[in-house]
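Observations on the three-dimensional arrangement
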Amino acid sequence: MNPSKREHLDAAELDRARSRAVEPAELVLDGELVDDPPPTTGPRSRPVRWRVWWQRFTDWWLRSSRVPVSLKNRAQARQAAKDAVAAAARSPWRYLGAVVRGVVAGVRWWRRWVTVADYREAAEESEKLADKFTEIRELTLFRWRVTLTVALLTLTAGALVFLIYGPRPLWTTAALVSVALAILGRRKDGSPGRKAVLAGPRSLAWTMDPQVLVDAFRDAKLISKDETLRLVERAHRIGEGWAITVDLPATRKAADVIKHREALASALAVDEVQLIAERVRGNGGHAGRVALWVADSDPYATPPRRTPLLGVERWDAWRPVPFGRDARDRRVDLPLVWTSLLVGAIPRQGKTFAARLAAAGLILDPYTRLYVADFKAGKDWDACARVAHRFLSGDDPDHVLALVAWLAELVGEVQGRYRRMRTLDDTVCPESKITPEMSRDSTLDMPVTAVIVDEVQVPLEERTPVDVQGKRIPAGEYVGELLTWLAKKGPAAGIVLVLATQRPDSATIPSGLRAVLGSRFALRVMDWRDSNIVLGEQMNTRGYDASRLLPSHKGVGILRPDGDTAAGADVLAMTVRTYYMPNEDWRTLCERGRALRDAAGTLTGHAAGQDIRPAPEHPAVASLGAVPTPRERSANVPEPLASVVAYLGEDLDRREFVPTAELVDALGVEPTAFGRQMGELDCRSVRDRITDADGHIRQVRGYFTADLRAAIDAHRDGRAEPCEPPDDG
Ligand SMILES: Nc1ncnc2c1ncn2[C@@H]1O[C@H](COP(=O)(O)OP(=O)(O)OP(=O)(O)O)[C@@H](O)[C@H]1O
């Protein structure tokens, strides 16, 4: 250590010793009130003012709509310069084209004039052609004479000028005439006869001439003939395609452009997979602003990409999982925790691959527990048996019963989690939802638990009867109820459902189940109805129809995510090509997941070699007595109370009060009879105050759910007085 540094340290030691000898006092703030305004003049304030002024100017420059976009950033400027050079290089051809069009237009005009076409048409329309024939013929001959005279005079004058002054004045005249013809032949809105009947290829012409884009919008009937577009951002290159942003006329909506994307693609002469139309939302956008991107070629014709998860050692299940890429090659990640996923497609389109991608992110998180049921019974899922807490592969009734037992076990688990969450401190569990910290805390035992069922239609269609609360019902029906319950209640408790099906029809997947699955991914399906079943009602009318995807585009589907994606929370759905994850990559990831679990000490159940074959009586199902699924709740309960239970579902526990008007509306019953029948079942309506959607407090008649629950329990347990049959007499 050098001497000066030592001296410095000694002095510091001394100071510290002194300060230890002194009684610590409270913090004293030393200062004075300053009343004077800060100096506004003087040499130091000048650069500050200049900087403020410059900042304002740059802000204005970047925001102003008067400053061309090409002067706002370098990439745009470069693009504009390239456009200018291209335009300059093309200008001689464009001029020549305009002159030729001008000649054609001139000749057409002269022919109509010389044949007195307008007069002739008028006479034809009024059926007086015979009367006017002589007149028209005379006029035609006269105009021919005028034409010949003018032609002769022009030739004579030209020859004289040539003899007296040489060729120069003739060239000058020809140049002037060509300018006049070019003006006559310039492309102008709505000018009939100036467009070539067979316009050449339309594709990409719009990138040079926005008028072509306007025409395409008109042809696709997205704007009318007398409306036009406003260019927000001129065409520029993004990735392997051209992007352009336009504002529609005030009466038009961007959502309609998305809806009629196919018509626009046709008008632009590109395949619809090449055209991406998106609304520009948020601060820089509005309901009439559309961003278009047109790929140079089929964006899905290139070889697929491998999943980026191969390059990571581990993943956090709470982070959206890398799922695929859109046509513009933007990465699309899929959030999974707190939601669930339904994948639907006809066979061999990439369903299993898509479900495995979602699972891969969860496998690489050692704190995630996996239940994997492979009813495809192939080898696609085998590798994950080494990480899964529960695993089965097969399509026999036994396998379905095993799934029933798992689901019942999970229902009990979810209930237990909610019970335990209620007792936890607010700092650990701020809401009735698990948090990342809770999911990793082994003492709480609430890991993120993924339930992955491939070919879920197999268990849903199983007819083997199972005993539920003394009733025998088909196993498939019960699986549907349990999955619906888990999809509703499970996400907040850390349960993630991933269901894949090759039969996305309404008869197979109960509508109640579909309604509660948050994220949907539809690969190619047979028709728009199946597409809507996976993606949601009316999605085809909003421009999302998975039956239009091409068979050759394996792994390409429409994703309707639940929650934010990189494309933004406002994006309703998008076309995505999933990452390609062949078996060998899948096995690598599963092995990595096993090693991570080994190290973290979280290898359990099937993967840890524990015997998990469900008992034949699947006692877990019996323990469902505490699980009030609507079916169990309404057992032995007479109508209309049973319908009320079915309608309210979870709300029976969540809400305090239900207005009579709502029940009458939902059940479609006659109000007086409904009130009387409910009264007979010991459910009397009362008046209570409710806050309506507008925030107004109103007094309405209705039922306390506590009263409904008490009546339901009494009827279910047979404690209720049998009701008198209604008196018909
Ligand atoms: N993202 C992708 N890119 C390219 N090819 C893919 C992609 N995803 C899947 N495929 C191809 O599609 C084929 C079918 O995939 P997968 O087995 O997932 O289909 P499936 O819909 O589950 O079929 P099935 O209904 O018969 O179970 C795979 O063999 C694979 O080669």
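The rules behind these values
- Residues numbered from 1 in each chain as written.
- Predicted model: local features only at pLDDT ≥ 70, side-chain atom pairs only at ≥ 80, totals over all residues.
- Heavy atoms only, no water.
- Helix = DSSP H or I, 4+ residues; strand = E, 2+ residues; numbered from the N terminus.
- Buried < 20%, exposed > 50% of the residue type's maximum accessible area, 1.4 Å probe, protein only.
- Contact = heavy atoms within 4.5 Å.
- Areas by Shrake-Rupley, 256 points an atom, 1.4 Å probe, with all protein chains shown as cover.
- Expected span 1.5 Å × (residues − 1).
- Salt bridge = Lys/Arg side-chain N within 4 Å of Asp/Glu carboxyl O.
- Phe/Tyr/Trp six-rings, centres within 6.5 Å; stacked < 30°, edge-to-face > 60°.
- Pairing = 2+ DSSP bridges.
- Axes fitted to C-alpha atoms, helices over the stretch in contact; angles between N-to-C directions.
- Core = buried A, V, L, I, M, F, W, Y, C linked by side-chain atoms within 4.5 Å.
- Domains from an automatic or database assignment.
- Polar contact = N/O pair within 3.5 Å; in protein donor to acceptor, adjacent residues only side chain to side chain.
- UniProt positions renumbered as here; feature names shortened; annotations may be inferred.
- Near = heavy atom within 4 Å.
- Parallel < 35°, antiparallel > 145°, perpendicular 65-115°, else oblique.
- Left-handed = near helix turned anticlockwise from the far one by under 90°.
- Nonpolar A, V, L, I, M, F, W, Y, C, P; charged D, E, K, R; others polar.
- Patch = residues over 30% accessible without salt bridge, like charges linked within 9 Å, V, L, I, M, F, W, Y side chains within 5 Å.

The name given to the protein in an unreviewed UniProt entry is DNA segregation ATPase FtsK/SpoIIIE, S-DNA-T family, and the organism recorded there is Amycolatopsis arida.

Bringing the overall build of the protein into the picture now. Regarding its fold elements, the protein presents 25 helices and 19 strands. Counting the 729 residues in the protein, one finds 41% classified as buried. Relative to all contacts within the protein whose residues are 6 or more apart in sequence, the contacts with residues 24 or more apart total 65%. Counting only carbon and sulfur atoms, one obtains 55% of the accessible surface of the protein, whose full area is about 41,300 Å².

A few words now on helix 11 (residues 351-363). Here helix 11 contains 13 residues, and its C-alpha end-to-end distance of 18 Å stays within 8% of the 18 Å for a straight helix at 1.5 Å per residue. Counting buried positions along helix 11 gives 12 out of 13 residues, so the element sits mostly inside the fold. What helix 11 keeps buried is the set Lys351, Thr352, Ala354, Ala355, Arg356, Leu357, Ala358, Ala359, Ala360, Gly361, Leu362 and Ile363.

This part is about the pattern of salt bridges. Under the defined criterion, the tally for this structure stands at 25 salt bridges. For the salt bridge of Asp215 with Arg218, the shortest nitrogen-to-oxygen distance reads 3.9 Å. Placement of both Asp215 and Arg218 in helix 8 (residues 210-219) is noted, with a separation of 3 residues, approximately one turn of the helix. The network of salt bridges with shared partners includes Arg230, Asp247 and Arg289.

Let's shift gears to the environment of Ala359. With respect to the secondary-structure elements, Ala359 resides in helix 11. When the C-alpha positions of Ala359 and Leu336 are compared, they lie 9.4 Å apart, and in sequence the two are 23 residues distant. Not counting the four nearest positions on each side in its chain, Ala359 is found in contact with Trp381, Ile452 and Trp586.

Further remarks concern the packing of aromatic side chains. As enumerated under the stated definition, the model contains 15 aromatic pairs in all. The interplanar angle of 35° and the centroid separation of 6.0 Å between the aromatic rings of Phe57 and Trp60 together place this pair among those described as tilted. Of this pair, Phe57 and Trp60 both sit in helix 2 (residues 45-63), separated by 3 residues, roughly a single helical turn. Under the relative-accessibility criterion, Trp60 is labelled partly exposed at 44%. By the ring-pair criterion, three or more aromatic residues cluster together here, those being Trp50, Trp53, Trp54, Phe57, Trp60 and Trp61.

Once that is clear, we can look at the sheet that holds strand 2 (residues 241-247). Spatially, 1-2-4-3 is the arrangement adopted by the 4 strands of the open sheet, whose pairing is antiparallel. In the strand order of this sheet, the two ends are held by strand 1 (230-238) and strand 3 (275-279), each with one partner. On average, each strand axis in the sheet is tilted by 15° relative to the strand beside it, whichever way the strands run. Judged from the 6 bridges that link them, strand 1 and strand 2 form a sheet pairing that is antiparallel. If you follow Arg237 over to strand 2, its bridge partner there is Trp242. Most of the contacts of helix 8 go to strand 2, to which it runs at about 70°, and overall it touches strand 1, strand 2 and strand 4 (289-295).

Formed by 137 residues in total, the largest nonpolar core has its most connected members in Phe217, Leu264 and Trp586. A per-element tally of this core places helix 12 (residues 397-423) first, with 12 residues. When residues of this core are sorted by domain, at least three fall in each of domain 2 (205-295) and domain 3 (323-608). Beyond its immediate sequence surroundings of up to four residues, Phe217 is in contact with Leu222, Ile223, Leu229, Val246, Leu248, Val257, Leu264 and Leu292. Membership of the second largest hydrophobic core comes to 17 residues, among which are Leu641, Val664, Phe674 and Met678.

A few words now on the side chain of Thr660. Assignment of secondary structure puts Thr660 in helix 23 (residues 660-667). At 3.4 Å, the side chain of Thr660 and the backbone nitrogen of Gly702 are in polar contact. Not counting residues within four places of it along the chain, the set of residues in contact with Thr660 comprises Phe674, Ser685, Arg701, Gly702 and Tyr703.

So, about the UniProt feature "transmembrane region" (unreviewed entry) in the protein. As annotated by UniProt and renumbered to match this structure, "transmembrane region" (unreviewed entry) occupies residues 146-164. Helix makes up 100% of residues 146-164 and strand makes up 0%, while its end C-alpha atoms are separated by 27 Å.

Every one of the 16 residues lining the ligand counts as a neighbour, but Lys351, Thr352, Phe353, Lys376 and Thr578 are closest to it. The separation between a nitrogen atom of the ligand and a polar main-chain atom of Thr578 is 2.7 Å. With the chains in place, 85% of the 630 Å² that the ligand exposes on its own is no longer accessible. No other element matches the 3 residues that helix 11 contributes to the shell around the ligand.

Another point: the packing of helix 11 against helix 18 (residues 583-600). Contact geometry for helix 11 and helix 18: axes closest at 9 Å, N-to-C directions at 25°. On the basis of their axis angle, the class for helix 11 and helix 18 is roughly parallel. Judged by the twist between their axes, the crossing of helix 11 over helix 18 is left-handed. Residues Arg356, Ala359, Ala360, Leu362 and Ile363 of helix 11 lie in contact with helix 18, whose contacting residues are Asn583, Trp586, Leu589, Cys590, Gly593 and Arg597. A per-class count over the contact of helix 11 with helix 18 returns 7 nonpolar, 2 polar and 2 charged.

Once that is clear, we can look at the environment of Ile183. When you line up the elements, Ile183 lands in helix 6 (residues 168-185). Sequence separation between Ile183 and Arg101 is 82 residues; the distance between their C-alpha atoms is 9.6 Å.

Pairing within the open sheet is mixed, and its 10 strands lie in the order 6-5-16-15-14-7-13-10-8-9. Two strands close off the open sheet at either side, each with one partner strand: strand 6 (331-334) and strand 9 (390-393). Sheet twist, expressed as the mean angle between neighbouring strand axes with direction ignored, is 25°. Lying over the sheet, helix 11 contacts strand 5 (321-326), strand 7 (341-344), strand 8 (369-374), strand 10 (449-454), strand 13 (495-501), strand 14 (519-522) and strand 16 (574-578), oriented at roughly 140° with respect to strand 5.

It is worth spelling out a nonpolar patch on the surface at this point. Together, Leu160, Phe162, Leu163, Ile164, Tyr165 and Leu170 make up an exposed nonpolar region whose accessible area comes to about 680 Å². A total of 5 residues in the nonpolar patch trace back to one element, the largest contributor, which is helix 5 (residues 129-165). Looking at where Phe162 falls in the secondary structure, it is placed in helix 5. According to the relative accessible area criterion, Phe162 is partly exposed, its value standing at 43%.

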